[in-house]
Structure formats: structure tokens, C-alpha cells
Amino acid sequence: MTSASSPLLRPLPEDWQRALAVVAHPDDLEYGCSAAVAAWTAEGREVAYTLATRGEAGIDTLAPREAGPLREKEQRAGAAAVGVAEVEFLGHRDGVIEYGLPLRRDIAAALRRHRPELVITLNHHATWGPGAWNTPDHVAVGRAVLDAAADAGNRWIFPELTEQGLQPWNGVRWVAVANSPVPTHAVRAEPGFERAVRSLLAHRTYLEALTDEAPETYVRRFLTTTTHAHSSRFGGEPAVVFELFSR
């Protein structure tokens, strides 16, 4: 039963055509919301990915110079599995991303390039929930995305972007934060679930370093658990959940 403190989740708005997902690392979207992305691209919507880093510090057994190109390749494969062809990397250092003007500027530039109506990012809160601390990279990028959604439309913030030919973009209507501990909206997970499984499995090198469990067993268990976590608040259906900010 849904308690008064856990209201029903509303469907995410559907009156949009272009989305840009901006996250810190390869695999953030595959863990966070790729089932929703798969459903959107199947409907003919345009989704592009921007990643702050190449995830080069994410595998303990591989030096960053080896891990970076490998994780970039796996990210492109993971994106392709859910119908995303355009993937860009901003080149910030994995593990030590700093919230500040350079990060806001880079994300505002990406928003001006892609001109999305919907922007997606990952949980920017300090925790994933009680007792589960978030990482500084996720917090920095998520917060910068929320700020850059406004920065992108103001020609007097980062005027050098206009000089570079990136005209202001005031068309961002929503920022959807995946895996937020306080979700407000949801997208049905079932239509894109199998492609989401393939998308996360594309990060095989990372998965094999992360767990001794067979990759497909681990991926199916993880995605099944996360998409059922809030199903009681969404008509009993497995769901990808978001905290939605309107602009």
C-alpha cells in the first residue's frame, strides 16, 4: 500500500522530441535509466549522451590510460543498444570532478549544441537513500546540469559560447533526475527492459571487475530489483523513476 509519505508517481511528460542525457561516467545511464531511453528511441524520439569523464578511474585492475579508451568503447556500445547514436565525452578527470564554472560552461555548451527539450541526469543528492552515500562526481555533475539548464539560455553567462557560434538555448522544459531518492515521475520499464539489459551488459569489462557473479545474472537481478522498487507507486508496473524539475 502506498503511504501518505510516498505519493503516486506521475507519468513523465511525453510532449517532447529531443533529449540530452548528461552524466559523470560510462555506465551511469545504463544503471540509471536506459530502459526509459530504449522506449523513447523506439517511439522515434531523439536522445544523445554527454559524459563528463571517460570513466578512466573506475577499474582498479586497469591503469587510467588503458581503462579510458576501453570504457569509452563500451559506453558507445551500451548507447547503441538502446538506440542512441550520438555520444560525447567532455574530458573531465574521473573521480575528481569539481562543481564550478568550467563544468557549468561545458554542460551549457552541450545544451546549446544539442538543443534538447528534456535533459536527463543522475542523482545529485548526497545519498541514494538512508545509509547509501552518493559519490562526489554524481553530485557535482547533477547539480551542474540543473544550473546549466538556465545558463544555456542566458547570452550574458559564458558569452564566449556565443562567440564560438553556440547560440543561447531557452528550450529546456524539464530536467529529469534518474535514481533520485525522492522520485516524482516514472516511465514504464517493460517496453525497453531487454534492451536495457543488453546496454548494461555492454560494460562487460567493468562488470567483470565489479562482481564475481555472471554478468547477465547480475545485470538482470539489478535491473529487475531497481525497476520494481517503486512499482507500488506506479500502478504495480515496473518503472524507471525520476525526480522532475520544470523550467
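Scroll up a little and you will see the structure.
Below: a short report on this structure. Bear in mind that the values here come from a model prediction, so they are computed numbers and not experimental data.

Each value, and the rule that gives it
Residues numbered from 1 in each chain as written. Predicted model: local features only at pLDDT ≥ 70, side-chain atom pairs only at ≥ 80, totals over all residues. Heavy atoms only, no water. Pairing = 2+ DSSP bridges. Helix = DSSP H or I, 4+ residues; strand = E, 2+ residues; numbered from the N terminus. Phe/Tyr/Trp six-rings, centres within 6.5 Å; stacked < 30°, edge-to-face > 60°. Buried < 20%, exposed > 50% of the residue type's maximum accessible area, 1.4 Å probe, protein only. Contact = heavy atoms within 4.5 Å.

### Details of the sheet that holds strand β4 (residues 87-89)
Within the open sheet, the 8 strands sit side by side as β1-β9-β10-β8-β5-β2-β3-β4. Their pairing is mixed. Edge positions in the open sheet fall to β1 (10-11) and β4, since each of these has one partner strand only.

### Notes on the packing of aromatic side chains
Scanning the model with the defined rule gives 4 aromatic pairs in all. With a centroid separation of 6.2 Å and an interplanar angle of 25°, the aromatic rings of Tyr218 and Phe222 are classed as stacked. Of this pair, Tyr218 and Phe222 are both found in helix α9 (residues 215-228), 4 residues apart, which corresponds to roughly one turn of the helix. Overall, Phe222 belongs to the partly exposed group, its relative accessible area being 23%.

### Observations concerning helix α7 (residues 193-201)
What α7 keeps buried is the set Phe193, Ala196, Val197, Ser199, Leu200 and Leu201. If you follow the buried residues of α7, they end up packed against α1 (28-32), α2 (34-42), α3 (64-81), α8 (204-210) and α9.

### Here's the deal with the pairing of strand β10 (residues 239-246)
In terms of burial, β10 is largely enclosed, as 6 of its 8 residues are buried. Looking at chain direction, strand β8 (residues 174-178) and β10 are connected through 5 bridges and run antiparallel. Following the sheet pairing, Val177 is matched in β10 by Glu243. Note that strand β9 (residues 185-188) and β10 share 4 bridges and pair antiparallel. Note on β10: the bridge partner recorded for His185 is Phe242.

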